[in-house]
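Here is how the chains run, residue by residue.
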Amino acid sequence: MKRRALSAFALSCVALTVAGCLGGSSGSNSGEQNGKVTLTIWHQEQPPNRVKQFQQVIDDFNKSQSKYVVKQQVQNWADIYQKATSALQAGKGPDLQFAIPDFTTAIKPTGGVQPVDDIVREINQEHKFLPSAVQPYHYDGHDWAVPVFGMIQMLWYRKDLFQKAGLDPNKPPQTWQQLMQDAQKLTGKGKYGIGVPSSKHLYTDQEIYSFMVTNRGKDLFSPDGKVTFNTPQNVATYRFYRDLSKYSPPGSNSWTWAEPQAAFNNGTLAMAIEKGQFLSPFEKESGRPAKDLGVAPIPEPPNGQRGSIYYSNAAMLTTKDPQKKEAAKAFLKFLFQPQNYAKWLLAEPGLFLPVTQDGDSPAWRKSPVLAKYPKALDLMLAQSKQGTLFGFTRDKVDPAIGKISAENVLSQVVQRVVVQKEDPQSAVAAGQKQMEAASSS
């Protein structure tokens, strides 16, 4: 989730009373407190439930030893790129900064991001990271961040609405053709088959890319660094996306994350492609039992492959102080102990997914919300192993991906095709030129 487009649940930074989330950046200059080394964490997970849950883990760590004190400070995606850059350049940044892959590429040129190869290696030896979680942060010969949770997209569907439309609620669509047919059958009388965003927004970037992955179009760059967006597969994907959008509610050309989930829970929308935040509020907001929430892999075209977008959220080390690095290592190693990690992930049940093999623990699975959705967890965890992120599919990362992502080039092409009715072939060609311009600059 990013600075340009906040999630449905990303609230403004209110006057939180949780210890450590207030104040400016004490960061790397905070020194010692009562003889203990202070480690300051900046993160952008603003909702109070997340801050509170993170604080429980931080408090547990602070009580578990006598050398370090960890403090969290809540930032926001709207200005973190600029704020973190300025703070690090001024030597007043945090010690750990939470990031997504393209944020890391944007911040790394400041020189403030330090390699964490040894931390990743030690945690991996004990807990085994998912390769898909580590890969986006491994380039230029180093690991540049430690993954802390993942996010994956799936096809969510209302089994009760399938049944009303005469569809088998236990047979979700598996192919593009079936998805189109089911969306058509589910549309009518004020109901819509599927939510297909066409806004210039990260949500649209994410959804179109998931379809690109299933149609073997995950790579935006060739091994030699050339932009490879303008392909027959991607043209076909955008054409399919345009046709599928006919069964999406009016106004979906301005959607962010809030609208599809609201429409899904109030029964207006039968299917949506999104991340695991659909689990937690479903029963309360829909008035339906948990068994009516269906989940499936994203449907594939002929000769396609299973896949979707995958976000590995990670912690960058942004201090050169050796004592603070040891504090960061100690905290992260504490965090990944299964009982502690379960608490961390339950800051947002279903949305925050484990990035280690033993993160799929009974303490996580048997929590009140997640215990109702064992099949959904199985499917999301399986998909996490196969997920990928645009611009981070190869060992070498092109710095242009930061600009391509910041400008929402993928969703701009969607707008050309869906909103402006441009032919998919010419729209994809225009997207290729935009990416080439970003890469050359």
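Figured I'd write up the structure that's included with this text. (Residues numbered from 1 in each chain as written. Predicted model: local features only at pLDDT ≥ 70, side-chain atom pairs only at ≥ 80, totals over all residues. Heavy atoms only, no water.)

Observations concerning unusual backbone geometry
Stage number 1. In this structure, Asp140 is a non-glycine residue whose phi angle is positive, near 55 degrees.
Stage number 2. Structurally, Asp140 is set in the loop between β5 (138–139) and β6 (142–143).
Stage number 3. Notably, Asn303 is not glycine yet its phi reads approximately 60 degrees, a positive angle. (Helix = DSSP H or I, 4+ residues; strand = E, 2+ residues; numbered from the N terminus.)

Overview of helix α2 (residues 80–89)
Think of an α-helix as 3.6 residues a turn; residues three or four steps apart then line up on the same face.
Stage number 1. Residues of α2 that are buried include every one of Ile80, Tyr81, Ala84, Thr85, Ala87 and Leu88, and no others.
Stage number 2. Elements in contact with the buried residues of α2: β2 (36–43), β4 (96–99) and α3 (101–107).
Stage number 3. One or two steps after α2, the chain reaches Gly91, where phi turns positive at roughly 75 degrees. (Buried < 20%, exposed > 50% of the residue type's maximum accessible area, 1.4 Å probe, protein only. Contact = heavy atoms within 4.5 Å.)

What about the sheet that holds strand β10 (residues 293–296)?
Stage number 1. Read from one edge of the open sheet, 3 strands run β9-β8-β10, paired in antiparallel fashion. What marks the edges here is a single partner per strand, and that holds for β9 (271–274) and β10. Sheet twist, expressed as the mean angle between neighbouring strand axes with direction ignored, is 30 degrees.
Stage number 2. Where strand β8 (residues 154–158) and β9 come together, 4 bridges link them in antiparallel fashion. Within β9, the residue paired with Met154 across the bridge is Glu274.
Stage number 3. Lying on the sheet, helix α15 (residues 374–384) is in contact with β8 and β10; it crosses β8 at an angle near 160 degrees. (Pairing = 2+ DSSP bridges. Axes fitted to C-alpha atoms, helices over the stretch in contact; angles between N-to-C directions.)

Some points on the packing of aromatic side chains
Stage number 1. By the definition in use, this model includes 24 aromatic pairs.
Stage number 2. Summarising the aromatic geometry, the rings of Phe54 and Trp344 are spaced 4.0 Å apart at their centres and angled 10 degrees between planes, so their arrangement reads as stacked. Of this pair, Phe54 sits in helix α1 (residues 48–64) while Trp344 sits in helix α13 (residues 338–345), placing them 290 residues apart in sequence.
Stage number 3. Overall, the relative accessible area of 0% leaves Phe54 in the buried class.
Stage number 4. The exposure class assigned to Trp344 is buried, which follows from its relative accessible area of 1%. (Phe/Tyr/Trp six-rings, centres within 6.5 Å; stacked < 30°, edge-to-face > 60°.)

No statement about biological role is implied by the geometric values presented.
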